[in-house]
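So the chains spell out like this:
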Amino acid sequence: MIKHLLYGGLAVLGMASAVAAADSPASLMAQYAQQAGVPISGLSASRGAALYRTEHPGRNGEAVSCAGCHTANPTQAGRTRVGKRIEPLAPAANPQRFTDAAKVEKWFRRNCQDVLQRECSAQEKGDFIAWLSQAR
Amino acid sequence: MNYLLRGIGVVAAVGVFSLLAFSLPSGDAHGDGGGNVLPRTTNKAWQQECASCHIAYSPAFLPKASWRRLMGGLDQHFGENASLDPATQADILRFLEANAADSGTSRMGSRVMQSMGTNQAPSRITETRWFVRKHDEVSKSVWSRKSIGSAANCAACHRQAEQGVFDEDTVRIPKQ
């Protein structure tokens, strides 16, 4: 019995990690669209581009935007405030992007707070990925 | 029942072993060479979470009290949000404390402590007397060069900073 439980547990763990590894820009867009209560076609790449580019007043006066660190062109590498290289955000240039839901959520939480002084909505996250997915 | 116990035993043994392997002071065998090459102690969460915006600064550069304060305020981390889930945060803090400047595990740490009062908890490495003294030949205008940007950008000048190497041979100050 216990043996079965143990093996069952292992199988579930295995499945969970397989699912986690299987995230993709498309599956994340589907998830965010569902959370926002819209069909995938309700996500907008042009709204995503606007979110990426719009400058907001930062904490110490200077303008901040997603493009500020990730550069105007998301297929290019960006730079953190400390000067470390940030690999490109667009999946076309960096296939690692948007393949790990927990990582994506962590950075949306942090960066939206820093730039917008609030969390991003599911709709905004979906729009953002929709735009990056087609950036070439 | 047996399987469960054995399973737990194996997991525990592996856990204890890896704890030992990673937390033993590595000393000269792993190259605390001359004090300017850091012992290669590491921690997975620390490598993963503390190296995305800057290099993963060695725990030996600040005392425990500094790390405690820093890890308690990650949502307002030098003007940026670097927040983590509580379990990861606790894991990283344990690693930082175990290898901090005042943990007695590295020569680099002992040197940092030599120029610091016992009750001090500086919030920056670049503010410690030790750091300022080591860099007294670097003039103010150099720090703000475009390719450097900040004294916290160790890797701009210390070409092997990510590997914990800070000796003279690997320093090169970028020209602009």
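Residues numbered from 1 in each chain as written. Chains lettered and ligands numbered in written order. Predicted model: local features only at pLDDT ≥ 70, side-chain atom pairs only at ≥ 80, totals over all residues. Heavy atoms only, no water.

Undergrad: Give me the domain arrangement of chain B: which residues, what numbers.
TA: By a frequent convention, interface size equals the accessible area lost on bringing the separate parts together. Residue and element names in this part refer to chain B. Each assigned domain of chain B is listed with its residue range as follows: domain 1 (41-128) and domain 2 (137-176). Look at where the C-alpha atoms of domain 1 and domain 2 centre, and you get two points 20 Å apart. Taken residue by residue, the interface counts five residues in domain 1 and seven residues in domain 2. Both sides together, the interface formed by domain 1 and domain 2 hides about 490 Å², and carbon and sulfur atoms give 79% of it. (Domains from an automatic or database assignment. Contact = heavy atoms within 4.5 Å. Buried area = accessible area lost by both parts, 1.4 Å probe.)

Undergrad: Got a sec to walk through empty space enclosed by the protein? Specific residues and values, please.
TA: A water-sized probe rolled over the atoms picks out the places where empty space is left. All names here are of chain A. All chains considered together, the criterion is met by one cavity of 30 Å³ or more. Approximately 30 Å³ is the volume found for the largest cavity. Lining of the largest cavity is provided by Leu51, His56, Cys66, Asn111, Cys112, Val115, Leu116 and Cys120. The biggest single contributor to the lining of the largest cavity is helix H5 (residues 101-116), with four residues. Class assignment of the residues belonging to the lining of the largest cavity gives a composition of six nonpolar, two polar and no charged. (1 Å grid on protein atoms, 1.4 Å probe; cavity = no way out; pocket = protein on both sides within 12 Å on 5 of 7 lines; lining within 4 Å. Points joined across faces, edges and corners; volume = space filled by probe spheres on them. Helix = DSSP H or I, 4+ residues; strand = E, 2+ residues; numbered from the N terminus. Nonpolar A, V, L, I, M, F, W, Y, C, P; charged D, E, K, R; others polar.)

Undergrad: Could you give me a rundown of the layout of surface pockets, with the residues and numbers involved?
TA: All names here are of chain B. Counted as a void, the second largest pocket has a volume near 370 Å³. Along the walls of the second largest pocket sit 25 residues, with Pro39, Thr41, Trp46, Glu162 and Gly164 positioned nearest its centre. Among the residues making up the lining of the second largest pocket, the classes are represented as 13 nonpolar, 10 polar and two charged.

Undergrad: Residue-level account of the interface of chain B and chain A, with values.
TA: If you look at the interface, chain B gives 22 residues, while chain A gives 16 residues. The closest approach of N and O atoms between Glu162(B) and Lys84(A), which form a salt bridge, is 3.7 Å. Linking chain B with chain A are 11 residue pairs in polar contact (both at pLDDT 80 or more), by the criterion used here. Grouping the amino acids of the side of chain B that touches chain A by side-chain chemistry returns 11 nonpolar, seven polar and four charged. (Salt bridge = Lys/Arg side-chain N within 4 Å of Asp/Glu carboxyl O. Polar contact = N/O pair within 3.5 Å; in protein donor to acceptor, adjacent residues only side chain to side chain.)

Undergrad: Lay out the packing of aromatic side chains with the relevant residues and their values.
TA: One pass over the structure, following the stated rule, counts nine aromatic pairs over all chains. Three or more aromatic residues joined by ring pairs form one cluster here, namely Tyr32(A), Tyr52(A), Phe108(A), Phe128(A) and Trp131(A). (Phe/Tyr/Trp six-rings, centres within 6.5 Å; stacked < 30°, edge-to-face > 60°.)

Undergrad: How would you explain the state of the cysteines if you had to name every residue and give the values?
TA: Across all of its chains, the model carries one disulfide over all chains by this definition. Shown here is the disulfide that connects Cys112(A) with Cys120(A), its sulfur atoms set 2.1 Å apart. Across the S-S bond linking Cys112(A) and Cys120(A), the dihedral sits near -90°, which makes this disulfide left-handed. You can call Cys112(A) buried: its relative accessible area is 7%. Of all cysteine sulfurs, the one in Cys53(B) lies closest to Cys50(B), which takes part in no disulfide; the gap is 9.6 Å. Cys50(B) sits in the buried class, given a relative accessible area of 19%. Unpaired in this structure, Cys157(B) has its nearest cysteine sulfur neighbour in Cys154(B), at a distance of 8.9 Å. With a relative accessible area of 10%, Cys157(B) lands in the buried category. (Disulfide = S-S within 2.5 Å. Buried < 20%, exposed > 50% of the residue type's maximum accessible area, 1.4 Å probe, protein only.)

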